Amino acid sequence: MSVAGVTTPRRVNAGRVDSVDLARGVALIGMVLIHVGPHWVDPDPPIGIIIASGRAAPLFAMLAGVALMIVHQRDPYGAGSTRATWIRAALLIVLGLSLGALEDMPVLIILAFYGVLVVLALPFRRLRARTLLALAVAWAVVAPVVVIGAESLHDPVLAGQAELSDLRHPIDLAMELVVWGAYPAGVWFAYVLVGLALGRLDLRSVEIARRLVVVGAGLVLLTLTAGWILIRTGMVDDPDDLGWRLLVAGISGRPAGARWNDLLLVGSHTSTPLNLLSSGASAVLVIGLCALVVQGRWARQLLTPIRAAGAMMLTVYTVHVLWAWRLRVNHLEEFPGQRSDGAHQDWLLQVVVLCAIAALWWRFVGKGPLEWLMRQVSIRPRCVRT
């Protein structure tokens, strides 16, 4: 093949990786559950909080690394090129900030952070899987220490919504996206590094899928056990006497200032070493399980709606966010000043409707509308002659 008279390597195209699409669909279902399902208002957290809180979004971030590596290997001069990746990242940041700018938005939008993670991953795509995994472990240990150190030198920080108005203060916005925010890219990059390593593996292999399940499950058990021991021995501060609930309890900023003891926490979105290792391990476990499940023809067909939602994740996530926002606005109009505690009915309705529409769209139209637009904008039209 020649392009404008220049010979280029042939693009590898082996079709979609069903396990990645399924895992993205699972991440979406988990995020919808956290956003519109029952909230933690009673002494004990709902089962959805225990399972998905602080684990759905890291799975989403890890899959970013998986997809980046797969696309780069298959289409290094097209969708996987540095230029196309930069453009997609910029569009993700703009879309994320735009959604965050909607008044009374109840969801902390991840897309702007996701775009930053995509950019950070660019220099690492040529590294081997073992090197990437070693870097990920080191990053998970060192980055939280750096962030705590930065917070100890900074005024108390409260994580908020990243939105378009923040562009007036670009340095502050960059610090929010990389350090202070709900999904700090500077810390969460550990998930992307693992994802890049997984993207180098043959996720269609049953043996690799089994290894991912064993390793992921073992690390989840190990990290939660370590967290429980730290709680029981009093090494972790527990002023509210939460006990085992600290294993899933999160923090949103540190209004009282950073404390080095926070590094021992394991709860959701604490972005500590144990939390990163535990959430990362659960993401590996889910990816491994999805890789095993899609080996069965009937299971793969039965889970088509979830795979379809995962294949057009950006579109479906955006619709979900707008739907959750309208639920919030309607509730405030009906019950001014009151918060909604969420409901399983809202979660189930959104999951069924979004997955059904995604399946129909994928079957009769193909690529999701936002995915199609991203591709059209990011890939330069080329005159190809053979």
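Conventions and cut-offs
- Residues numbered from 1 in each chain as written.
- Predicted model: local features only at pLDDT ≥ 70, side-chain atom pairs only at ≥ 80, totals over all residues.
- Heavy atoms only, no water.
- Buried < 20%, exposed > 50% of the residue type's maximum accessible area, 1.4 Å probe, protein only.
- Helix = DSSP H or I, 4+ residues; strand = E, 2+ residues; numbered from the N terminus.
- Arc of directions from axis to C-beta.
- Axes fitted to C-alpha atoms, helices over the stretch in contact; angles between N-to-C directions.
- Parallel < 35°, antiparallel > 145°, perpendicular 65-115°, else oblique.
- Left-handed = near helix turned anticlockwise from the far one by under 90°.
- Contact = heavy atoms within 4.5 Å.
- Phe/Tyr/Trp six-rings, centres within 6.5 Å; stacked < 30°, edge-to-face > 60°.
- Lys NZ or Arg CZ within 6 Å of the ring centre and 35° of its normal.
- Core = buried A, V, L, I, M, F, W, Y, C linked by side-chain atoms within 4.5 Å.
- Nonpolar A, V, L, I, M, F, W, Y, C, P; charged D, E, K, R; others polar.

1. Some words on helix α15 (residues 369-378)
Step number 1: Every buried residue of α15 is accounted for by Glu371, Met374 and Ser378. One face of α15 carries all of its buried residues, which in axial projection span an arc of 60°.

2. Overview of the packing of helix α5 (residues 111-121) against helix α8 (residues 185-199)
Step number 1: One can describe the packing of α5 onto α8 by two numbers: an axis separation of 9 Å at closest approach and a directional angle of 60°. In this view, α5 runs oblique relative to α8, as classed from their interaxial angle. The two elements α5 and α8 cross, and the hand of that crossing is right-handed. Here α5 contributes Phe113, Val116, Leu117, Leu120 and Ala121 to the contact with α8, which in turn contributes Ala185, Trp188, Phe189, Val192 and Leu196.

3. A closer look at the packing of aromatic side chains
Step number 1: Under the defined criterion, the tally for this structure stands at 7 aromatic pairs.
Step number 2: An angle of 80° between the planes, with centres 5.3 Å apart, marks the rings of Tyr183 and Trp188 as edge-to-face. Here Tyr183 and Trp188 have matching classes, each one buried.
Step number 3: Among the aromatic side chains, those forming a connected cluster through ring pairs are Phe113, Tyr183, Trp188 and Tyr191.
Step number 4: Here Arg326 stacks its cationic end above the ring of Trp325, 5.6 Å away from the centre of that ring.
Step number 5: Over the ring of Phe364 we find Arg363; its NZ or CZ atom is 5.2 Å from the centre of that ring.

4. So, the nonpolar core
Step number 1: Residues Met62, Ile109, Trp188, Leu196, Leu198, Ile287 and Tyr317 are the most contacted members of the largest nonpolar core, which totals 90 residues.
Step number 2: Non-local contacts of Tyr317, meaning those with residues more than four positions away in its chain, are made with Leu28, Met31, Val107, Leu108, Ile109, Ile110 and Leu111.

5. Focus on the environment of Val147
Step number 1: Mapped onto the elements, Val147 comes out in helix α6 (residues 129-152).
Step number 2: Here Val147 falls in the buried class, since its relative accessible area comes to 14%.
Step number 3: Separated by 37 residues in sequence, Val147 and Pro184 place their C-alpha atoms 9.4 Å apart.
Step number 4: When near neighbours in sequence (up to four residues on either side) are disregarded, Val147 contacts Val179 and Val187.

6. Side note on the packing of helix α4 (residues 82-100) against α15
Step number 1: For the pair α4 and α15, the least separation of the axes is 9 Å and the interaxial angle reads 135°. As judged from the angle between their axes, α4 and α15 are oblique. You can see that α4 and α15 cross each other, and the crossing is right-handed. Taken together, the residues of α15 that come into contact with α4 (itself represented by Arg83, Ala84, Ile87, Arg88, Leu91, Leu92 and Leu95) are Leu370, Met374, Val377 and Ser378.
Step number 2: In terms of residue class, the contact of α4 with α15 is built from 8 nonpolar, 1 polar and 2 charged.

Coordinates in, geometry out; function isn't part of it.
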